[in-house]
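Spelled out, the chains give:
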Amino acid sequence: MSDRFSDSDAVLCTNGRLSQPPEDILVTSAFKSELQEQLCLSEEMNRVDIAHVIGLVEAKVIKKKVGADLLKALQKLQENPTDFQPDPKFGDLFTNRENWLEQHSSAVGWLCAGRARRESTTVAYHLTIKKILLDLADEITALMRVMMIQVSAHKASVMPDYTYMQPGQPTTFGHYLHSFVFMLMRDLARIESLYGRVNCCPAGCGGINGSTLQIDREKLSSLLGFARPVMHARDAMWQADISIEIASVSTSILVTLDRFCEDVLYFVTEEFNYIELQDSCSRASKIMPQKKNPYALAYIRALANKVIGIQSMVVVSQRTPTGQIDNRLFLYGEIPFVLKKSIEGIGLLKNAVEGLQFKTSNAVNRIRESYAMAAELAEQISVENNLDYRTAHKIVGKIVRNFLHLKKHLFELTELELNEAASDVVGRPISCSRQTLEMLNSPHVAIEKKSGLGGTSKERIKEMIEHSKQEINYYEKWTDNEREKIKQAESALSQHMHTIINQAQ
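Values in this document were obtained by computation on a predicted structure and should not be read as measured data.

J.: I tried to follow the packing of helix α2 (residues 42-58) against helix α18 (residues 458-504) on my own but got confused; where do I start?
T.: Two measures define how a pair of helices packs: the angle their axes make with one another and the distance between the axes. Running from amino to carboxyl end, α2 crosses α18 at an angle of 45 degrees, the nearest separation of the two axes being 10 Å. What the angle tells us is that α2 and α18 run oblique. In this structure, the crossing between α2 and α18 has a hand that is left-handed. For the pair α2 and α18, contact is made by Glu44, Arg47, Ile50, Ala51, Ile54, Val57 and Glu58 and by Glu490, Leu493, His496, Met497 and Ile500, respectively. Partitioning the contact of α2 with α18 into residue classes produces 7 nonpolar, 1 polar and 4 charged.

J.: Looking at this model, I keep getting lost on empty space enclosed by the protein. Mind explaining?
T.: If you roll a probe as big as a water molecule over the atoms, it shows you where there is empty space left. Overall, the coordinates contain 2 cavities of 30 Å³ or more when judged by the stated rule. Space inside the largest cavity adds up to approximately 80 Å³. Lining the largest cavity we find Glu44, Arg47, Leu127, Lys130, Lys131, Leu223, Leu224, Ile486, Ala489, Glu490 and Leu493. Those elements giving two or more residues to the lining of the largest cavity turn out to be α2, α5 (117-153) and α18. Here the element with the most residues in the lining of the largest cavity is α18; it accounts for 4 residues. Grouping the amino acids of the lining of the largest cavity by side-chain chemistry returns 6 nonpolar, no polar and 5 charged. The computed volume of the second largest cavity comes to approximately 30 Å³.

J.: What is the right way to look at the environment of valine 396 in this model?
T.: Mapping valine 396 onto the fold places it in helix α14 (residues 389-406). Since its relative accessible area comes to 4%, valine 396 is described here as buried. Considered as a pair, valine 396 and alanine 421 are 25 residues apart in the sequence and their alpha carbons are 7.7 Å apart. If near-sequence neighbours (up to four positions away) are discounted, valine 396 is found in contact with Ala374, Leu377, Ala378 and Ile381.

J.: Honestly, the environment of glycine 55 in this entry has me stumped. Any pointers?
T.: Along the chain, glycine 55 turns up in helix α2. On the basis of relative accessible area, glycine 55 is assigned to the buried category, the value being 9%. For glycine 55 and glutamine 214, which are 159 residues apart along the polypeptide, the C-alpha to C-alpha distance reads 9.4 Å. Apart from residues lying up to four places away in sequence, glycine 55 is in contact with Ile215 and Leu220.

Conventions we followed
Residues numbered from 1 in each chain as written. Predicted model: local features only at pLDDT ≥ 70, side-chain atom pairs only at ≥ 80, totals over all residues. Heavy atoms only, no water. Axes fitted to C-alpha atoms, helices over the stretch in contact; angles between N-to-C directions. Helix = DSSP H or I, 4+ residues; strand = E, 2+ residues; numbered from the N terminus. Parallel < 35°, antiparallel > 145°, perpendicular 65-115°, else oblique. Left-handed = near helix turned anticlockwise from the far one by under 90°. Contact = heavy atoms within 4.5 Å. Nonpolar A, V, L, I, M, F, W, Y, C, P; charged D, E, K, R; others polar. 1 Å grid on protein atoms, 1.4 Å probe; cavity = no way out; pocket = protein on both sides within 12 Å on 5 of 7 lines; lining within 4 Å. Points joined across faces, edges and corners; volume = space filled by probe spheres on them. Buried < 20%, exposed > 50% of the residue type's maximum accessible area, 1.4 Å probe, protein only.

Function-wise, these values are silent; they only describe arrangement.
The following block contains the structure:
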């Protein structure tokens, strides 16, 4: 085995605790998988290592000249040199970087002073997630803006609302669609709250519970653009709940998208025929020439399934004793992947919503042909006759049963037929205003009557539209502000690095 040992194995086997290089199977399986999961952290790991070296210099752990030499090498690595090609034979991303840095700086041995490799990886993970969360929030607000255009355009476009996929009560397409905007608002609130926890810096926590080198953790946090350090050093290194929460937020978002897609997949069918998707969101059948398959919506459903599966994996992977590396081996790659897939799904849905056409006449006809006005009729005869709603419900239920047999529509109801049903239920006729009978053929009248908070009346819809616009504006400003903070921190870190390099010359 010793004859296989070479200089290229120095990072993995330093003639310290280990006397042999790793077996090939370990390299081609575990090391390769771990490296692939971490590659997405490469850009942020540059900043983390630069900040750590600055921290070592300012804590006087290393001399400024030594630090400057190492910072110059890190600066070159930050430029993505062509000769840096991560290879699993050198281990994970950190040790691959160490191997490259060893060829460019004699000070590379200080890179691990006061920290484990997982600290660099964990901090880079937080920085990476911060940026993707802001991208995710931006994509959601963009989708919401597109939805709000359709909400405003269709605030009076009548359609039946559904329960159990059966026409339930009259509504408007704008009011229906607006409900998903409110779901997305809650997802944005979750992102903002989650961002606050991801925006706490794990740097400087040492191997497990701090370091005797006295590196300033608050300074490291500031250099990297975090809001504050994670207070407890051991907690900083083993935060299982953060990844669980990220996966949960992604799942919530994709389930929100999926719920809309599930509805629209019905609404675009010939049986419903309420919505027409633009051809660019669709795919043709290879055998059935008449088909226009809503492929974008089906793909979003598949994304939701995939993310739900990954969420389960994330939760299961955290069920370990604390201080175990296996609960994060796959998460450095999987969690950014989940967030990016959420962004992808939102973008697909945004395009679909932007170009959809709502067929109001078909939706209105469906209300007239169904019994979607039954609840409204029961409410009105309850009020007009001082009947409890349960009794009014029975009367209308009997009318519907009779009309189903007679193949009649509810808007054809006469006062005589109403009184016959009432006599069967309560033993006497009841009164019914002309306006109530006319309402059965005018669902927009019933829609306008729903003037309570959150209802379908024009004034209530106007209120909710204004509220949604304010929420969208808030989150757009929030992401802009956070991005500016990140940009300023990256610029300040670069300036700090150059100051040390220049002072050491």
